[in-house]
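Notes for the structure review
Here are the chains, one letter per residue:
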Amino acid sequence: MSNSVDGRSVTSKLAAILRTFSSGQAHSLSDVARSADIPVSTAHRLVTELVEWGFLDRAADKRYCVGGLLTQLGANVWHVPRIQSQAEQVLDDLAAAVRSTVRFGVLDGQTLKCLERRPHPNGPARSEACRLPVHATAVGKALLAYAEPAAINDVVRRGLRRYTDATIVTGTALRRDLALVRMNQLAWCRQEFETETWSIATPVFAGGGRAVAALEVSVSGAAAQYRLPAVQPAIVVAGRALSRQFAANRTLPGRRIAGAAEIERAAMLHDRLA
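Residues numbered from 1 in each chain as written. Predicted model: local features only at pLDDT ≥ 70, side-chain atom pairs only at ≥ 80, totals over all residues. Heavy atoms only, no water.

1. With respect to the environment of Thr164
- Position of Thr164 relative to the elements: it lies in the loop between α7 (149-157) and α8 (171-184).
- Taking the relative accessible area as the measure of exposure, Thr164 reaches 10% and is therefore buried.
- A sequence separation of 29 residues divides Thr164 from Phe193, and the C-alpha atoms of the two residues are 6.2 Å apart. (Helix = DSSP H or I, 4+ residues; strand = E, 2+ residues; numbered from the N terminus. Buried < 20%, exposed > 50% of the residue type's maximum accessible area, 1.4 Å probe, protein only.)

2. Observations concerning the nonpolar core
- Ranked by size, the top nonpolar core spans 28 residues in total, and within it Leu94, Val98, Phe104, Leu215 and Val217 carry the most contacts.
- Secondary structure elements with two or more residues in this core: α5 (79-98), β3 (101-108), β7 (197-205), β8 (211-220) and α9 (224-248).
- Here this core takes nine residues from α9, the largest share from any one element.
- Not counting residues up to four positions away in its chain, the partners in contact with Leu215 are Val90, Leu91, Arg103, Phe104, Ile200, Ala201, Thr202, Val204, Ile235, Ala238, Gly239 and Leu242.
- Membership of the second largest hydrophobic core comes to 23 residues, among which are Val155, Ile168, Ala173 and Val181. (Core = buried A, V, L, I, M, F, W, Y, C linked by side-chain atoms within 4.5 Å. Contact = heavy atoms within 4.5 Å.)

3. Considering the pattern of salt bridges
- Inspection of every chain in the model, using the stated rule, returns ten salt bridges.
- Between Arg103 and Glu216 there is a salt bridge, and its shortest N-O distance comes to 2.4 Å. Of this pair, Arg103 sits in strand β3 while Glu216 sits in strand β8, placing them 113 residues apart in sequence. The burial state of Arg103 is the same as that of Glu216; both residues are buried.
- Two residues, Asp177 and Lys141, come together in a salt bridge whose shortest N-O distance is 2.8 Å. Taken together, the positions of Asp177 in helix α8 and Lys141 in helix α6 (residues 138-144) put the pair 36 residues apart, joining distant regions of the chain.
- Note on Asp177: relative accessible area 18%, which makes it buried.
- Salt bridges sharing partners connect three or more residues here, namely Arg103, Glu116, Arg118 and Glu216. (Salt bridge = Lys/Arg side-chain N within 4 Å of Asp/Glu carboxyl O.)

4. What to know about the packing of aromatic side chains
- One pass over the full model with this rule turns up two aromatic pairs.
- Judged by centre distance (5.2 Å) and plane angle (90 degrees), the ring pair of Tyr146 and Phe205 falls under edge-to-face. Residue Tyr146 is found in the loop between α6 and α7, and its partner Phe205 is found in strand β7; the two are separated by 59 residues along the sequence.
- The exposure class of Phe205 is buried, given its relative accessible area of 16%.
- Note on Tyr163 and Phe193: the rings are 5.1 Å apart at their centroids and 70 degrees apart in plane angle, and the pair reads as edge-to-face. Highlighted residues: Tyr163 in the loop between α7 and α8 and Phe193 in the loop between β6 (187-190) and β7, separated in sequence by 30 residues.
- When its relative accessible area of 28% is taken as the criterion, Tyr163 is described as partly exposed.
- Take Phe193: its relative accessible area is 24%, and that puts it in the partly exposed class. (Phe/Tyr/Trp six-rings, centres within 6.5 Å; stacked < 30°, edge-to-face > 60°.)

What follows is the structure, encoded as structure tokens:
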């Protein structure tokens, strides 16, 4: 945008106005003008436009506060780099604890977007991104259980693809499984996506009890079903640790997530049970 007569661009003035509301408090027009170091007339014109766009709201006492659009933008985007950073740390700890494939998933339309760690005998765990079906995976059911009823109905309406003989392919059976997930905060997948592969997942909550993601441990092999209960303690403490971080929203990217020591203690329990 072009510069005004005082040498400041309109963009810089808008940024200064929005910074005024970073504390979440309401401010009068004169407060805004003083904080942004602009004339009251200029503040009135720009604040009026921000209200019209939904970035700010005008209260009954004529003070201004953060608007619905700005709140929505913050809720939608704050977690993108932060979630990935925290999730990768937890996946590393969880993979080391259980020495099996671990995943962190978020809903993306009708499918799951996942970060995955696969153990490697000759080096660090292999990492990759993948997409998985919602209804045929433990991580998917852990998330779908807390989705809106309309979202669950949409998944059923689009059809439940069969991947193995054990895949859930009816809405009744799927809803029964989701009800159990809500009761126990644990989801199980018993050879529903791949034969001889069993998985367990737990939802990850943000503030207000919203399930925003899920963690999964997947075990393969002829004895997979007998090994899976042994990894349950590790995934439970990992999910709780990550939920605390998301709810607090205080962890900085790169900082080791609180709860890693709990995951390591769960690893010791896993070794005794395995």
